[in-house]
Amino acid sequence: MAGPPPLTRRQSPIRSASPEPPPRISPIVGRASELAELERLLGSSRLLTLTGPGGSGKTSLAAELARRVAGAFTIGPVWVELAPLADPALLPGQLAAALGLRKGNGRTTLESVSRTIGARPALLVLDNCEHLIEACAELAARLLADCSGATLLTTSREPLGLAGEIAWRVPPLSLPAAGAASVDEAAASEAVRLFVERARGVCPRFELEPANAAAVAAICRRLDGLPLALELAAARVRVLSLEQILERLDDGVRLLTGGDRGAPERHRTLRSTLEWSYRLLADQEKLLLARLSVFADRFSLAAVEAVCPGGALAAPDVLDRLAALVDKSLVTMEVDGDEARYRLLEVTRQFARERLDESGEADAVADRHAAFFLGVAEEAEIHLFGGASDPERVARLERDLAELRAAADRFERRERQSEALRLAWALHWFWFARGLLEEGRRRLTAALAGTDAVASRERARALIAYGTLLLWQGEPEPARRAMEEGVALARSLDESWAVAYALAGVGAARCLDGDQEAARTVLEEAVAAARREPSSVLIPFALYWQGSAARLRGDLAAARVAYEEAVAVGRQIGHRPAIAHPLTVLARLLHQLGDPAGARARALEALAIHGEIDDRWGTVQALEVLARVAATTGGPGPAVRLVGAAARLRDAIGAPLLKPEQEELDLLLETLRAELGPEPFGSAWRAGRETSLAEVLCLAAGLAAESEAPPAPAPVAGGEVAPRLEVHALGPLRILLDGRPAAGNGWEAVRPRELLVHLLCHPEGCTREQIGLSFWPEASPAQLRNTFHVTLHRLRRALGHSDWIVADGGRYRLNPALDCEFDAARFETEAGAVLAVAAPGEAELDRLAAALELYRGDFLQNEPMGDWLLPHRERLQRLCLQGLEVLGEARMAAGRWAEAAALWHRLLGLEDLDEAVYQRLMLCHARLGQRRRVLEVFESLRQLLQDELGAEPEAATVALCRRLTRPATAPDRGGRPPRFRKSGRRPGRAAQLHFSPARCGAGPDAALESP
């Protein structure tokens, strides 16, 4: 007797019965590069798992990917939603139901599924596997073994752990840079674009604009680019201002509720998403996650192993539990150099902090955290005297800065003054090295408060540190009082090293306060005390101030002896700050003695050292010396620019000039203003203020050199003069050597050409690693090393000599001494200079026109090069658009209609959906008597809007065209030009795409009263 029929298909073909991925309710924002990468991976692997924390967008990304690749599969995509499923045994039945199969006898459900799929190409999507991870792994292994045509796409907060699986972590959306405040800067971020898109969904009039760009960017950074968190925050714009949303993000898990009612419950509030993940953790993992919330930012494994063990979580188990949290996407791991660093997303940290508070052990964990980081600071302290003498230790402290601040806050809140004093002392040279003078002063003030009656080693050292910070900030009188109290207390405690240090500080304060004789006496004692100490770094420190006191009292010979000994001792002990700081004051002295060449050489050496160790205060000093040298040797423009850059840096680190120094600098600037004239002086000052620190370090040497003489053409091997290099990158790439197109010698390969342009775009230079990120992001260190040097060799050979590319401190750049013309840089400089002028005159407008002639097409147009060039292309295109608009408005205002029309035509070739430009072009043709051209322009706009947006021109544009094409004697009967059709819809996208630099002229009606 035959048994029941086997499991069979309900419908045929299979695709028609397969449930589709969830519908796309709102457009996916960003993710273009991610989807392209996932398509490539899905073509090379039969098991691709998208991992990431809850709310990272795994499901929406998987759905979009499935829709895109559906055509490559006979079966599917078959979408299997697992979140509602609690029993692992029901998993095969869930898949069978998704395939449209009904139960029959004779085979197990899984056997029938495998028989149905067989060798046919099939895409199966298992969404939300994390709570059934073992059952999903077993099912996937069976399907991959039995169905040769099956490809599995899964989403889970941890990988399935099968051989051959590609686990791809869904990254957060790109974020705006810290401090981004402009619309353009914010809108470049995917996170901002998603926030704005979703905010418009609940508040249609919401727009990203200058008044709110900084707040939107700050919200997106606080939420770490997590899509669900951004969507929930955007939903709050109905009832809260952006500032109120930002303020309430300290309790983000409460604020971020009330999402899309059609979404699964766990995605309607951020809390339910986090609780879903938390319930799946083992007890030790829950305990560790709660304790990790004590960390403020990124943390090391050593910190976790010191802070988090205890009770049910033994120290040997910490690493395994941490790895499990990383696998489950609740902790993020990043590699910083050769060290793994970990962090919690902000909303995860807030949720975990609630669990820690509920546990009753929050104080104990916070105390262990603060004690650990106090130890980190004290271990580094002895190596930091004088500033960034050990850059690696400074960098490690900088990586832990958020944790050090949290420890300081803990000591202050708990009034644990001894630990607060110890931490402030340990960090005071770190604050100096990183230009955090105001923060250091605030911390020391808080630590010293209420300790007047305490005669302790900690208070003595903190007083000395406090006085040192006041010296750097230009307050010698309170610095002297703090140092003298520190000397007395250190002497009473027999702290000889601290006594020597404090004596040098007292002498420095006397020196800066104008009491040079008292300074001489104290500093002689300080130098003698420093020579008796085993730490010889105190010697150049004391000699530095001894020389400064001698210089200020007019004994220049004694000053030179002290400075030169300080430099010699610094070189002998290999202490970079002890070399660079005395070199800077020696350079200033040599300039005073009439030796600008000697002053420049020493100041440049000091600046190079300060740049290597990122010593901001030392950099300021060296820049100001170089400015004096440039002014003396005939370079007023470079001198003003250097002073402007130094002034900006002083503002940033909170280190104002002392009154005598400020008066001296003001006198220098007045002289330079008289030489240059007000407008060039202002331009040079603004250029200096706008120059980044990295650009300052690279440009200072060249600017100082320009003040002496223009560089001669640089010779290459054999005494030949290097050929002149011209690189035209606006439009198709053209490379000329001595006016002839470069050919042969490797120019036919893309990479050498690309490397040349990349270096031209980064005149400050790039490290091999930075170039690797742009060119070969997936290469291993060994592969990068080999590939980079092969490419560099080919470029040098193509250019004709290795002198074209120089390596300076690990950074590669084009030799600035050689003769090179780069049209993109020239265009940006020339056009940018004119557009920075509020009301450009005729000469400036002619200069702008000449600059626009350089723009022969988009940057590296049609060149098969990497994505690194896109920001450059967009920036240059925006500059061109703005320049064309400003020049077009000016030509119309001057009645130069033909020139203006040509400019508007050219602008539309770059941006064809700006309706205001069409209006101005129509006006120009009307003024030239070209009514037919007016109609042609209007028709081209109308056709474009219909094709692109399904919209019609605005009513104002229709009315303008009717008026411009109406015969002068004909009465207005309200008719329209031929083929005009008015629509009530407005072209929304045109308005969004319209850039808005300041308009130079009035509206269209003002420009033309009658045709």
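What counts and how
- Residues numbered from 1 in each chain as written.
- Predicted model: local features only at pLDDT ≥ 70, side-chain atom pairs only at ≥ 80, totals over all residues.
- Heavy atoms only, no water.
- Helix = DSSP H or I, 4+ residues; strand = E, 2+ residues; numbered from the N terminus.
- Buried < 20%, exposed > 50% of the residue type's maximum accessible area, 1.4 Å probe, protein only.
- Contact = heavy atoms within 4.5 Å.
- Areas by Shrake-Rupley, 256 points an atom, 1.4 Å probe, with all protein chains shown as cover.
- Pairing = 2+ DSSP bridges.
- pLDDT = per-residue confidence, 0-100.
- Axes fitted to C-alpha atoms, helices over the stretch in contact; angles between N-to-C directions.
- Phe/Tyr/Trp six-rings, centres within 6.5 Å; stacked < 30°, edge-to-face > 60°.
- Lys NZ or Arg CZ within 6 Å of the ring centre and 35° of its normal.
- Salt bridge = Lys/Arg side-chain N within 4 Å of Asp/Glu carboxyl O.
- Parallel < 35°, antiparallel > 145°, perpendicular 65-115°, else oblique.
- Left-handed = near helix turned anticlockwise from the far one by under 90°.
- Nonpolar A, V, L, I, M, F, W, Y, C, P; charged D, E, K, R; others polar.
- 1 Å grid on protein atoms, 1.4 Å probe; cavity = no way out; pocket = protein on both sides within 12 Å on 5 of 7 lines; lining within 4 Å.
- Points joined across faces, edges and corners; volume = space filled by probe spheres on them.
- Polar contact = N/O pair within 3.5 Å; in protein donor to acceptor, adjacent residues only side chain to side chain.

### Quick notes on the overall build of the protein chain
- In terms of helices and strands, the protein chain carries 47 helices and 17 strands.
- Looking at the 1011 residues of the protein chain, the share that counts as buried comes to 51%.
- Considering only intrachain contacts with a sequence separation of at least 6, the fraction spanning at least 24 residues in the protein chain is 69%.
- Put simply, the protein chain shows about 44200 Å² of open surface, and 51% of that area lies on carbon and sulfur atoms.

### Here's the deal with the sheet that holds strand β9 (residues 332-336)
- Here 3 strands make up an open sheet; going across it, the order is β8-β10-β9 and the pairing antiparallel. Strand pairing shows two members of the sheet lacking a second neighbour, β8 (299-300) and β9, which therefore form its edges.
- Pairing analysis gives 2 bridges linking β8 to strand β10 (residues 339-343), with the strands arranged antiparallel. Looking at the pairing, phenylalanine 299 lines up with tyrosine 342 of β10.

### Details of the confidence of the model for the protein chain
- Here the protein chain shows a mean pLDDT of 83. Residues at 70 or above account for 86%.
- Considering only residues more than four positions removed or in separate chains, one finds that residues 259-268, a stretch of pLDDT under 50, has 21 contacts.
- Under a pLDDT of 50 for its full length, residues 704-720 has, in the predicted model, 25 contacts with residues more than four places off or in other chains.

### Some thoughts on the sheet that holds strand β7 (residues 166-169)
- Spatial strand order, β3-β5-β6-β2-β7: 5 strands in an open sheet with parallel pairing. Single-partner strands in this sheet number two, and they are β3 (75-81) and β7. The average angle at which neighbouring strand axes cross in this sheet is 15 degrees, direction not considered.
- When strand β2 (residues 47-51) meets strand β6 (residues 150-156), the two strands line up parallel, connected through 5 bridges. Across the sheet, leucine 48 pairs through a bridge with leucine 153, a residue of β6.
- Sheet strands in contact with helix α2 (residues 32-44) are β2, β5 (122-127), β6 and β7, and its direction is about 175 degrees off that of β7.
- Helix α4 (residues 91-99) contacts β3 and β5 of the sheet and is inclined by roughly 135 degrees relative to β3.

### Some thoughts on the packing of aromatic side chains
- Counted under the stated rule, the structure contains 22 aromatic pairs.
- Grouped by ring-pair contacts, the aromatic residues Phe385, Trp425, Trp429, Phe432, Trp472, Trp497, Tyr501, Phe541 and Trp617 constitute a single cluster.
- Against the face of tyrosine 278 rests lysine 286, its NZ or CZ located 5.3 Å from the ring centre.
- The ring centre of phenylalanine 681 lies 4.1 Å from the NZ or CZ of arginine 673, which sits over that ring.

### Notes on the side chain of glutamate 863
- Relative to the elements of secondary structure, glutamate 863 occurs in the loop between α40 (842-854) and α41 (869-893).
- In this structure, glutamate 863 is in contact with Leu733 and Arg753, ignoring residues within four places of it in sequence.

### Structural notes on the pattern of salt bridges
- Inspection of the entire model under this criterion finds 76 salt bridges.
- Measuring nitrogen to oxygen at the nearest pair gives 3.6 Å for the salt bridge that ties glutamate 346 to arginine 222. With glutamate 346 in helix α17 (residues 346-359) and arginine 222 in helix α9 (residues 213-222), the pair connects residues that are 124 residues apart, well separated along the chain.
- Judged by its relative accessible area of 18%, glutamate 346 falls in the buried class.

### Describing the packing of helix α20 (residues 401-413) against helix α22 (residues 437-448)
- Contact geometry for α20 and α22: axes closest at 11 Å, N-to-C directions at 25 degrees. If you check the angle between α20 and α22, you find them roughly parallel. When the axes of α20 and α22 are compared, the crossing they make is left-handed. Seen from α20, the contacting residues are Arg405, Ala408, Asp409 and Glu412; seen from α22, they are Glu439, Arg443 and Ala446.
- Split into classes, the residues belonging to the contact of α20 with α22 amount to 2 nonpolar, no polar and 5 charged.

### Comments concerning empty space enclosed by the protein
- Summed over all chains, the structure comprises 6 cavities of 30 Å³ or more.
- Here the largest cavity defines a volume of roughly 220 Å³.
- Along its surface, the largest cavity is lined by 18 residues, and Gly386, Trp429, Phe541, Tyr544 and His581 are the ones closest to its centre.
- When residues of the lining of the largest cavity are traced back to their parent elements, those giving at least two are α21 (417-433), α23 (457-472), α27 (538-552) and α29 (576-592).
- Taken together, the residues of the lining of the largest cavity break down into 14 nonpolar, 4 polar and no charged.
- One number sums up the size of the second largest cavity: a volume of about 80 Å³.

### Here we look at the environment of threonine 584
- Checked against the element boundaries, threonine 584 lands in helix α29.
- Since its relative accessible area comes to 4%, threonine 584 is described here as buried.
- The spacing of threonine 584 and valine 625 is 41 residues in sequence and 7.4 Å in space, taken between C-alpha atoms.
- Once residues within four sequence positions are removed from consideration, threonine 584 is found in contact with Ala606, His610, Gln621, Ala622 and Val625.

### Considerations on the environment of glycine 832
- Tracing the backbone through its elements, the reader meets glycine 832 in helix α39 (residues 823-835).
- Spatially, the C-alpha atom of glycine 832 lies 9.4 Å from that of alanine 851, the residues being 19 residues apart in sequence.
- Excluding anything up to four places from it in sequence, glycine 832 contacts Phe827 and Leu879.

### Description of the environment of aspartate 127
- Assignment of secondary structure puts aspartate 127 in strand β5.
- A relative accessible area of 1% places aspartate 127 in the buried class.
- Distance in space between the C-alpha atoms of aspartate 127 and serine 156 is 7.1 Å, their sequence separation being 29 residues.
- Residues in contact with aspartate 127, not counting those within four places in the same chain, are Thr59, Trp79, Val80, Glu81, Leu82, Ala83 and Thr155.
- In terms of polar contacts, aspartate 127 uses its side chain to reach the side chain of asparagine 128, at 3.0 Å.

### Let's talk about unusual backbone geometry
- Going from glycine 76 to proline 77, the amide bond is cis rather than trans, its omega being 5 degrees.
- Summarising the element assignment, proline 77 is placed in strand β3.
- The backbone phi angle of leucine 860 is positive, close to 50 degrees, even though this residue is not glycine.
- Mapped onto the elements of the fold, leucine 860 is located in the loop between α40 and α41.

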